Amino acid sequence: MLTITDADIARVECIFSTNSEIRFDDHQREIIKDLHTPIVYACPGSGKTTVLLAKLVILATKWEYKFSGICVLSFTNAARIELQQRLGGNQIGNKVLEHPHFVGTIQSFIDTMISIPYLKSKGINDIWVEGSNLLEKRFNRIPHNYQYFFMKNHLSNDIMEYKNTFGGIDERVKTNTHSGNCVVDIIRKSIFKGEVTYGEMKLLANSLLKEDKKLHKYIASRFPYVFIDEAQDTTNEDSNILDTCFNNSIVFQKYGDPNQRIYSPDSMRISNEDILDIGKAYLPNSYRFCDSIASVASPFAQDPIPKFHGFYKENIKAKNTVILYNKDSILRVGEEYGKILLSTFSNDELRESSCWAISQTVKPKENSRFTGHCLSDYFPLFSRELTDHKNLTCFETCYEIAKAEFEKTQSTSVINYLVTGIIKTLGQKESKWKSIRPRFLDMKEELSKGIEQESFIHLAKMFLEFEDSKTDQIIENLREVFPELDYTDFYTPLVKKGSDIPKISYPYRDSITGRELTINLGTIHSVKGQTHLATLVVDSVFYDYNIYTLIKKLRKNKDLKDRDIARSRCLFVGLTRPRSLACMALDSEFIELADKDWLISKGWSILEL
């Protein structure tokens, strides 16, 4: 096994200190040197990604093997892109992005290393991996009388893929019927055409790993050092595949924070007994927010991190505040939050960083006894539909976004912006595709090597002649030419011609001083990973109040149900976005004196409207 020394860390600190000085704390240094502990729990803002990058850069300088490499995986494309861009910032980091190493999403690893090679060995060469679009396409191939039968029985697109095992059919579909046999035949033919869903690729990989014991031994020898970033979002299905693949690898470490597990409810579930067996290390120091933020967020951490502290400079004016409203004052929550912001921060501070108001639930409920169901009850201008990117199209905007991003990063990943705009712009007319396809083919070789500035602009300008369209049915043809591109993030925020990228916000102006600020509005899920100057988390309703119910149960030390644990994680994510000031808005009708005392004991101030 390779070793990492203090001298190695000193060298990598110099490499990383190009724009600002980087010095790792004791906890970070220990994690960088640690190649044994399989689980690393990192609090928000602890520098987890920087620590992992430092470890990768050091290992890359020591790597001498030509046919085995380091494997770095993440659940989301956003995490994958961040790793690739930051590794590509220096010559040594670039080595990790080259053969024999692998940096990508878990899905891309499963596809590239296991499922696609198998399908190609069976003569299926043109493989298209897709999600809901493929299911809809398959369902539309069913004769109309069978479609009507399935829909009448509340069955639709989701029956059109293998379930539980590769080759297994949804148990609601009876295979001894004509309609059931039709479903089986359509799925089978679709796969033989190279049309496979993401889930089917995982089922196939799982099946192959169980059948061929040599396969996972080969993968472990191919990648003796493996690191999983943002492991809290990894599903049990993915974890089972990865654990099977890498159980014989020399190093297999998972980095993440289970307190921020809000995407995959079944992910990163590790019992206390398992932890005692396998060990766990911590990154407890947050440099994103001050210690008062750590204090008010800590009670909502379901997997407490020992010695959890915030090291961002405290703002002596900031008082983390619970705003209590009633049905008559709920629309004043935004105004009061604005007043708190203006009394706490200078104009320069407000210009340098954003302030947000967020909620867990986005859909309002009718005929409910609750006052604040979702964000639009507090801020009527907020509309979830405005954040739906699927109906926003314009290639010119897409081109400008991609051009600016490319000039900044020189990364081929920005081609996805162009692909999105191209898909949206070409439309359904096959004649347009036929006329443009040769030019795609001409560009393909350049793209596979890494696109140059001139080529990038040339590719983009090809499509400015086409009119806007709201369809993406050309995707299949586009995949035929560029199968190597990442097709998971199609709906990049694009807008109609002549308009701006939408910003959902609440403007506040002090009538006396004339000072102004803008409060951004969104969901907790939409701001995960962001850092704000200040954040207001408003209560919302899912069966009952999310925050109020959680506070009540925590105060009384009651056992939390799965729904409460999900609420707790969402609130923890929301409260760990701000650097200096956290606020919550709760319905005063349900808050008792004991609840107020509990909140005050945890570091909150109370403001009653």
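The following refers to the structure shown. Because the structure is predicted, anything quoted here is derived from the model rather than measured.

### Section: the overall build of the protein
Here comes step 1: Looking only at helices and strands, one finds 25 helices and 19 strands in the protein.
Here comes step 2: For the protein, buried positions account for 52% of its 609 residues.
Here comes step 3: Summed over its atoms, the accessible surface of the protein is roughly 29200 Å², and 49% of this surface lies on carbon and sulfur atoms.

### Points about the packing of aromatic side chains
Here comes step 1: Taken as a whole, this structure holds 21 aromatic pairs when the rule is applied.
Here comes step 2: A ring pair is formed by Y41 and Y282, whose centres lie 6.3 Å apart and whose planes are at 70°; its orientation type is edge-to-face. Separated by 241 residues along the polypeptide, Y41 in strand β1 (residues 39–42) and Y282 in strand β8 (residues 280–283) bring together distant segments of the chain.
Here comes step 3: Each ring, one from F102 and one from F109, has its centre 5.6 Å from the other, and the planes form 80°; the classification is edge-to-face. The same class applies to F102 and to F109, which are both buried.
Here comes step 4: Joined through ring pairs, the aromatic side chains of F102, F109, F223, F246 and F252 make up one cluster.

### Considerations on the sheet that holds strand β6 (residues 225–229)
Here comes step 1: On the basis of which strands lie adjacent, the open sheet formed by six strands has the order β3-β2-β6-β7-β1-β8 and parallel pairing. Bordering the open sheet on either side are β3 (102–105) and β8, each of which pairs with just one other strand. Direction aside, neighbouring strands of the sheet carry axes that sit 15° apart on average.
Here comes step 2: Sheet strands in contact with helix α2 (residues 26–33) are β1, β7 (251–256) and β8, and its direction is about 140° off that of β8.
Here comes step 3: Relative to β7, helix α12 (residues 236–246) is tilted by about 155°, and along the sheet it contacts β2 (70–74), β6 and β7.

### So, the pairing of β2
Here comes step 1: Burial within β2 is extensive, with five of its five residues counted as buried.
Here comes step 2: Burial of β2 is two-sided: the residues I70, V72 and S74 facing one way and the residues C71 and L73 facing the other way are all buried.
Here comes step 3: By the bridge criterion, five bridges tie β2 to β6 in an arrangement that is parallel. Each residue of the ladder has a partner; that of V72, found in β6, is F227.
Here comes step 4: Here β2 runs beside β3; their pairing, made up of four bridges, is parallel. For L73, the partnering residue across the bridge sits in β3 and is G104.

### Section: the packing of helix α8 (residues 144–152) against helix α9 (residues 178–192)
Here comes step 1: Where α8 contacts α9, the axes come no closer than 10 Å and their chain directions differ by 105°. The orientation of α8 with respect to α9, classified from their angle, is roughly perpendicular. The residues of α9 that touch α8, namely those facing Y146, F149 and F150, are H178, S179, C182 and V183.
Here comes step 2: The class makeup of the residues in the contact of α8 with α9 is five nonpolar, two polar and no charged.

### Comments concerning the nonpolar core
Here comes step 1: Core analysis: the largest hydrophobic core is formed by 68 residues, its most contacted members being F300, Y337, L341, L536, L575 and M584.
Here comes step 2: Among the elements that make up this core, the one with the highest residue count is strand β18 (residues 578–587) (six residues).
Here comes step 3: In this structure, Y337 is in contact with I323, C355, W356, I519, A534, T535, L536 and C583, ignoring residues within four places of it in sequence.
Here comes step 4: Counting residues in hydrophobic clusters, the runner-up holds 45 residues, among them I124, F150, C182 and I228.

### Focus: empty space enclosed by the protein
Summary: where empty space remains is shown by rolling a probe the size of a single water molecule over the atoms.
Here comes step 1: For the coordinates displayed, the defined rule picks out two cavities of 30 Å³ or more.
Here comes step 2: Counted as a void, the largest cavity has a volume near 60 Å³.
Here comes step 3: What lines the largest cavity is simply Q360, I524, V537, V538, S540, N546, I547, L550, R567, C570 and L571.
Here comes step 4: Those elements that place two or more of their residues in the lining of the largest cavity are β15 (532–538), α23 (546–555) and α24 (562–575).
Here comes step 5: When grouped by side-chain class, the residues that make up the lining of the largest cavity number seven nonpolar, three polar and one charged.
Here comes step 6: Its volume calculated, the second largest cavity comes out at about 30 Å³.
Here comes step 7: Taken together, C43, P44, D257, N259, A301, I305, F308 and F572 make up the lining of the second largest cavity.

### Concerning the side chain of K55
Here comes step 1: Looking at the element boundaries, K55 is found in helix α3 (residues 48–62).
Here comes step 2: In this structure K55 is buried but unpaired, with D34 as the nearest side chain of opposite charge at 5.9 Å.
Here comes step 3: Only 2.7 Å separates the side chain of K55 from the side chain of Y255, close enough to count as a polar contact.
Here comes step 4: When near neighbours in sequence (up to four residues on either side) are disregarded, K55 contacts I4, I31, I32, D34, L35, F227, Q253 and Y255.

### As for the pattern of salt bridges
Here comes step 1: With the rule as written, the count across this model stands at 34 salt bridges.
Here comes step 2: D185 serves as the salt-bridge partner of K189, at 3.1 Å between the closest nitrogen and oxygen. Note that K189 and D185 are positioned in helix α9 at a spacing of four residues, about one turn of the helix.
Here comes step 3: When its relative accessible area of 47% is taken as the criterion, K189 is described as partly exposed.
Here comes step 4: Overall, D185 belongs to the partly exposed group, its relative accessible area being 26%.

Criteria and cut-off values
Residues numbered from 1 in each chain as written. Predicted model: local features only at pLDDT ≥ 70, side-chain atom pairs only at ≥ 80, totals over all residues. Heavy atoms only, no water. Helix = DSSP H or I, 4+ residues; strand = E, 2+ residues; numbered from the N terminus. Buried < 20%, exposed > 50% of the residue type's maximum accessible area, 1.4 Å probe, protein only. Areas by Shrake-Rupley, 256 points an atom, 1.4 Å probe, with all protein chains shown as cover. Phe/Tyr/Trp six-rings, centres within 6.5 Å; stacked < 30°, edge-to-face > 60°. Pairing = 2+ DSSP bridges. Axes fitted to C-alpha atoms, helices over the stretch in contact; angles between N-to-C directions. Contact = heavy atoms within 4.5 Å. Parallel < 35°, antiparallel > 145°, perpendicular 65-115°, else oblique. Nonpolar A, V, L, I, M, F, W, Y, C, P; charged D, E, K, R; others polar. Core = buried A, V, L, I, M, F, W, Y, C linked by side-chain atoms within 4.5 Å. 1 Å grid on protein atoms, 1.4 Å probe; cavity = no way out; pocket = protein on both sides within 12 Å on 5 of 7 lines; lining within 4 Å. Points joined across faces, edges and corners; volume = space filled by probe spheres on them. Lys, Arg positive; Asp, Glu negative; His and termini not counted. Salt bridge = Lys/Arg side-chain N within 4 Å of Asp/Glu carboxyl O. Polar contact = N/O pair within 3.5 Å; in protein donor to acceptor, adjacent residues only side chain to side chain.

In short, geometric facts, not functional conclusions.
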